[in-house]
Amino acid sequence: MNYELVIFDWDGTLMDSTKVIASSLQSACADVGIAVPSERDALYVIGLNLADTFDHVAPGLDEEGRRRLSERYRHHFLAREHEMPLYDGVVEMLSDLHGKGVRLAVATGKARRGLDRVLDATGLGRWFEATRCADEGFAKPHPGMLLMLMDMTGVEPRRAIMVGDTTHDLELAANAGVDAVAVTYGAHDERLLETRPAKARCASVAELHRWLTSNG
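Residues numbered from 1 in each chain as written. Predicted model: local features only at pLDDT ≥ 70, side-chain atom pairs only at ≥ 80, totals over all residues. Heavy atoms only, no water.

Asks: Give a detailed account of the pattern of salt bridges, specifying residues and quantitative values.
Replies: Pairing is possible between side chains that carry opposite charge, provided their charged atoms lie close to one another. Counted according to the given criterion, the structure contains 19 salt bridges. Salt-bridge contacts for Arg 67 lead to Glu 64; the nearest nitrogen and oxygen are separated by 2.4 Å. Of this pair, Arg 67 and Glu 64 both sit in helix 4 (residues 63-80), three residues apart, roughly one helical turn. Where Arg 80 meets Glu 83, a salt bridge forms, and the shortest distance between an N and an O atom there is 3.1 Å. Judged by relative accessible area, Glu 83 falls into the partly exposed class, the value being 40%. The network of salt bridges with shared partners includes Arg 112, Asp 116, Arg 132 and Glu 136. (Salt bridge = Lys/Arg side-chain N within 4 Å of Asp/Glu carboxyl O. Helix = DSSP H or I, 4+ residues; strand = E, 2+ residues; numbered from the N terminus. Buried < 20%, exposed > 50% of the residue type's maximum accessible area, 1.4 Å probe, protein only.)

Shown next as structure tokens:
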């Protein structure tokens, strides 16, 4: 492979969680009595940290309001976390890449405790040698997350590639000087993803697997 390190986003890329995240955010907004964002707006913010999410869907909300909104979001999300499966083909793809000697990492907008929880629940943690979360430094699309992963693994930008389902992921990659592949089955639709540079746009995990194997 041309790439030594493949860095995956989590939600909407490896796990089919975008609908649950969006509906949990909508329910939380209703709970605290503020305007409920459209599904499109709720999906758009997936991958951002909570502060940036609230700036987008609830501008002007005071600190107490943000605290309550965060609590209600967490309540709804945890109640439905068990409903979120991995996309078909994810286990096979990661196992195959790992078996070929490709190094794997995660860059996610999830909080550390959330990522650790799903890594344990899915059993995928054994394949990722490094992970970074939104609450451990700068969030997407600031390049810090990828720069830290490359520092942790000793991989140069030209030898790393980012895989994600949002423009935030593609901007993150560009800001870090890293190539990117977009997947169009997650939070952002293909038309939106086409506004950002990517080496490829894959409509399924199977297509992503083939691309990484053939073109990576």
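Asks: Which residues make up the packing of aromatic side chains, and what values go with them?
Replies: Under the criterion given, the structure shown has three aromatic pairs. Taken together, a centroid distance of 5.8 Å and an interplanar angle of 20° make the contact between Tyr 73 and Phe 77 stacked. Within this pair, Tyr 73 and its partner Phe 77 are both found in helix 4, separated by four residues, close to a single helical turn. Exposure remark for Tyr 73: the relative accessible area of 16% places this residue in the buried category. (Phe/Tyr/Trp six-rings, centres within 6.5 Å; stacked < 30°, edge-to-face > 60°.)

Asks: Explain the layout of surface pockets to me, using residue names and the numbers behind them.
Replies: Considered as a void within the structure, the largest pocket measures approximately 620 Å³ in volume. Along the wall of the largest pocket there are 25 residues; nearest its centre are Leu 50, Tyr 73, Gly 109, Lys 110 and Ala 111. Those elements giving two or more residues to the lining of the largest pocket turn out to be helix 1 (18-31), helix 3 (50-57), helix 4 and helix 6 (112-122). Looking at the lining of the largest pocket, the element that brings in the most residues is helix 4, giving four residues. Residue composition of the lining of the largest pocket, grouped by class: eleven nonpolar, seven polar and seven charged. (1 Å grid on protein atoms, 1.4 Å probe; cavity = no way out; pocket = protein on both sides within 12 Å on 5 of 7 lines; lining within 4 Å. Points joined across faces, edges and corners; volume = space filled by probe spheres on them. Nonpolar A, V, L, I, M, F, W, Y, C, P; charged D, E, K, R; others polar.)

Asks: Give a description of unusual backbone geometry that names residues and reports values.
Replies: In this model, Lys 140 is joined to Pro 141 through a cis peptide bond whose omega is 5°. With respect to the element layout, Pro 141 can be found in the loop between strand 3 (130-133) and helix 7 (144-153).

Asks: Can you lay out helix 6 for me, pointing to particular residues and giving the numbers?
Replies: Listed as buried for helix 6 are Arg 112, Gly 114, Leu 115, Val 118 and Leu 119. One side of helix 6 holds all its buried residues, which, seen down the axis, span an arc of 165°. Summarising the geometry of helix 6, the exposed residues directed more than 90 degrees from the buried face are Arg 113, Asp 120 and Ala 121. Where helix 6 is buried, its residues contact strand 2 (103-108) and strand 3. Once helix 6 ends, the next one or two residues include Gly 123, with phi positive near 75°. (Arc of directions from axis to C-beta. Contact = heavy atoms within 4.5 Å.)

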